[in-house]
Amino acid sequence: MHYGMAIDVTRCIGCHTCAVACKVANNLPNGIWWNRVLNDGGPVMDTASGVYPKNHLEYYPTSCQHCENPACVKVCPVGATYKDPETGIVRQDYDKCIGCRMCMAACPYTGVRSFNWEEPKFSVDFAVGDVDTPAHQKHVVEKCTFCYQRTSQGGTPACMELCPGRARFWGDLDDPGSEVSRLVREREYKQLLPERDTKPSVYYLV
Amino acid sequence: MSENTSAAKAAKAPAARYGGKGLNIAIGVCALLAVCGVALWIVQLTGGMVQTGMRNLDSWGAYITMFMFLVGLSAGGLIISSVPKAFGMKGFGGISKVAVWTSICCTVLAIGFVVVDMGQPFRVWELFIYSNLGSPLMWDIIVLGTYLILSIVYLWAQVRAEAGKVSHTALRVIAVVALVCAVLVHSVTAWIFGLQQSHELWHTALLGPWFVSSALVCGTALVLVVVIALRRVGYLAVDQANVEKLAKMLGAFVCVDLYFFGCDLLTSAFPNGSGAEVVAMLVAGPLAPFFWGEIVLCVACAVVCFVPSLRKNGLIVAASVAAIVGILFKRIQLLVGGFQIPNLDYASALTPMAATNWDAGMAGVYQGLVYAPTMLELGIVLGVVALGGLLLCLGLKYLPLKPAGEEE
């Protein structure tokens, strides 16, 4: 099994619902976002590329790419970040992480890993989201888990479920019959930073 | 020469204790600063690392810069001391043990900086239980630990050899092993950065040899400063010829280091691709003061070392300090520069946890340096450095580091 995701950028409307869905489902602390929506026009939100009137606006929702050849897993000195052998999901063990941030330096996908620089604070004083989301800890690294608490129970990631444009597809890339495999086979796609040789499991259908 | 003979006589005195009021004051000041550093570290651990300048997009800062820098400083001393022994050459006078002691102090400091950088220092035991032997960080921990133990053994063996309890052959074997380990420590520290394909500035095969050359520069410079200072206060006697020999070596090392830098810049910039962006960031971006500072300081150091009429003690010390500061600038460029250019433009969800200058908006994050240390970080850095100073002074006071008789 090798879970992967395909994101149809022609259907993405840049609404950031996936980012919020992720934040709620995983009860993310204040200031932490595992999923962000990038655009092709540069660093400022909702910026189009090109020169007026020939502009182009395309969104790239970005989170951990769950690489087949993950740079982070290789460098973690204690194996706190590891590739789940059953699902291919790159996971992070909060109880093991020593907070050296080697994985953050090794990951080429700028900003997908986050560190709890302080005792996690929340905007509401009760936990939200899935019941079995692991508790967030101070001074450890965390990131997108493909909603492991859901997907290991046969569910789908929160970002995909709530996407209003239905732009996200998730499933087993090893199964040729899965929707995600079919889309990757039939559609033209892009991947982020393919030249870094990390073999990401997230495909952007263009 | 009279200075030499009197110092040599003093060395024959049986008591190892040394030092007067000055050394005691230095020990007191260092101890006080070290205690302040520990207090600040506790503040950092309890209040959170949010009090540092580091954030998700620049996740390493002053501590790791200092770690790189001190690993460099440490190897130099050991190499200067062990090369003559390992190859059976005439040494640099009685500086061998002092050089190894400075090296030990720097290694302890380097380990200290890794510890203060860790988010969960109480989980450090996991390194030995869940060791991922594929991680360059794990290699570094192993090599650094071995190196520290070896340096201590080497120092001990030298003391025992002087007492006739360890044979010269055994000492020579230890010197060879220590030398290999010193080169390894450097290469492995370089690999923590150089093996990461994530940051273009770091990902170069040259990084290993370049770290070794930088280590030789700042290590030799540190030994020169310490030796000239100790000779001045009559702790040990060193021939001016040996000081000049060391100074010439320093000049050569500085040139090699600058040559490596030039090679790396040219290789990055020539294809005029993304590497050119990295070079532009270094030479004309916000890190430019560090870049040009390094070049000017290193060239000045080389000039002093190579022009015979300039090789006076005051100027040699100034040149050595210039070389050490130059290498520190290089470390800053390498570490901060690595995070300076993002691989993905970071749109949206810019939060206080993601970027250092987030409150100034996107423009603030992109203009100038992505990272600057906070007062707390600088305080902890000072505290850790003071701990090293304390060790150095205690060693001078209580350990038999003075040269005894003729060196091999």
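Since this is a predicted model, take the numbers as computed values, not measurements.

Conventions adopted
Residues numbered from 1 in each chain as written. Chains lettered and ligands numbered in written order. Predicted model: local features only at pLDDT ≥ 70, side-chain atom pairs only at ≥ 80, totals over all residues. Helix = DSSP H or I, 4+ residues; strand = E, 2+ residues; numbered from the N terminus. Rg over C-alpha atoms; globule rule 2.2 N^0.38 Å. Contact = placed C-beta atoms within 7 Å. Buried ≥ 20, exposed ≤ 12 C-beta atoms within 10 Å, placed from the backbone. pLDDT = per-residue confidence, 0-100. Core = buried A, V, L, I, M, F, W, Y, C linked by C-beta atoms within 7 Å. Nonpolar A, V, L, I, M, F, W, Y, C, P; charged D, E, K, R; others polar. Pairing = 2+ DSSP bridges. Axes fitted to C-alpha atoms, helices over the stretch in contact; angles between N-to-C directions. Parallel < 35°, antiparallel > 145°, perpendicular 65-115°, else oblique. Left-handed = near helix turned anticlockwise from the far one by under 90°. Expected span 1.5 Å × (residues − 1).

As for the overall build of chain A
So, step 1. Counting secondary structure elements, chain A contains six helices and twelve strands.
So, step 2. On C-alpha atoms alone, chain A measures out to a radius of gyration of 17 Å, which is about the 17 Å that the 2.2 N^0.38 rule sets for 206 residues.
So, step 3. With respect to the principal axes defined by its C-alpha atoms, chain A has extents near 50 × 35 × 30 Å.
So, step 4. Across chain A, the fraction of contacts at a sequence separation of at least 24, relative to all contacts at a separation of at least 6, is 62%.

Re the overall build of chain B
So, step 1. Across its full length, chain B holds 14 helices and zero strands.
So, step 2. When the backbone C-alpha atoms are referred to their principal axes, chain B occupies close to 70 × 45 × 40 Å.
So, step 3. Looking at chain B as a whole, 50% of its 408 residues are labelled buried.
So, step 4. Excluding contacts between residues fewer than 6 apart, the proportion of contacts in chain B whose partners are at least 24 apart in sequence is 80%.

A closer look at the confidence of the model for chain B
Regions with low pLDDT carry predicted coordinates that are not meant to be interpreted in detail.
Residue and element names in this part refer to chain B.
So, step 1. Mean pLDDT over chain B works out to 88, with 91% of the residues at or above the 70 mark.
So, step 2. Of all secondary-structure elements in chain B, the lowest mean pLDDT belongs to helix α1 (residues 2-11), at 41, while helix α11 (residues 288-306) reaches the highest, 96.
So, step 3. The low-confidence segment residues 1-16 (pLDDT under 50) makes twelve contacts with residues lying over four places distant or belonging to another chain.
So, step 4. Interface scoring of the predicted complex returns ipTM 0.91; its pTM is 0.91.

Focus: the environment of B:Ile42
So, step 1. Secondary-structure assignment places B:Ile42 in helix α2 (residues 21-47).
So, step 2. For the pair formed by B:Ile42 and B:Ser214, sequence separation is 172 residues and the distance between their alpha carbons is 33 Å.

Focus: the nonpolar core
Residue and element names in this part refer to chain B.
So, step 1. By size, the foremost hydrophobic cluster in this structure holds 187 residues, and its most contacted members are Phe67, Leu70, Phe113, Leu250, Cys301 and Ala323.
So, step 2. At 15 residues, helix α8 (residues 207-232) tops the list of elements feeding residues into this core.
So, step 3. Discounting chain neighbours no more than four positions away, the residues touching Phe113 are Tyr63, Met66, Phe67, Leu70 and Val384.

Section: the interface of chain B and chain A
So, step 1. Tallying the contact residues gives 40 residues for chain B and 49 residues for chain A.
So, step 2. Considering each element in turn, the side of chain B that touches chain A owes the most residues, four residues, to helix α6 (residues 136-162) of chain B.
So, step 3. A breakdown of the residues in the side of chain B that touches chain A according to their chemical character gives 22 nonpolar, 14 polar and four charged.

Notes on the pairing of strand β10 (residues 168-172) of chain A
All names here are of chain A.
So, step 1. Judged by how many residues are buried, β10 sits mostly within the fold: four of five residues are covered.
So, step 2. Summarising the sheet, strand β1 (residues 3-8) and β10 pair through five bridges and their orientation is antiparallel. When the sheet's bridge partners are listed, Ala6 is paired in β10 with Phe169.

Some details on the packing of α8(B) against helix α9 (residues 240-269) of chain B
Two measures define how a pair of helices packs: the angle their axes make with one another and the distance between the axes.
All names here are of chain B.
So, step 1. Contact geometry of α8 with α9 gives a least axis separation of 9 Å together with a crossing angle of 155 degrees. In terms of orientation, α8 lies roughly antiparallel with respect to α9. Crossing geometry of α8 relative to α9 is assigned as left-handed. In this structure, α8 contributes Pro209, Trp210, Ser213, Ser214, Leu216, Val217, Thr220, Ala221, Val223, Leu224, Val227 and Ile228 to the contact, and α9 contributes Val243, Leu246, Ala247, Met249, Leu250, Phe253, Val254, Val256, Asp257 and Phe260.

Description of helix α12 (residues 313-340) of chain B
Owing to its 3.6 residues per turn, the α-helix brings residues three or four apart onto one side.
So, step 1. Between the first and last C-alpha of α12(B) there are 40 Å, a value that for 28 residues agrees with the 40 Å anticipated at 1.5 Å per step.
So, step 2. Counting buried positions along α12(B) yields 21 of 28 residues, so the element is predominantly enclosed.

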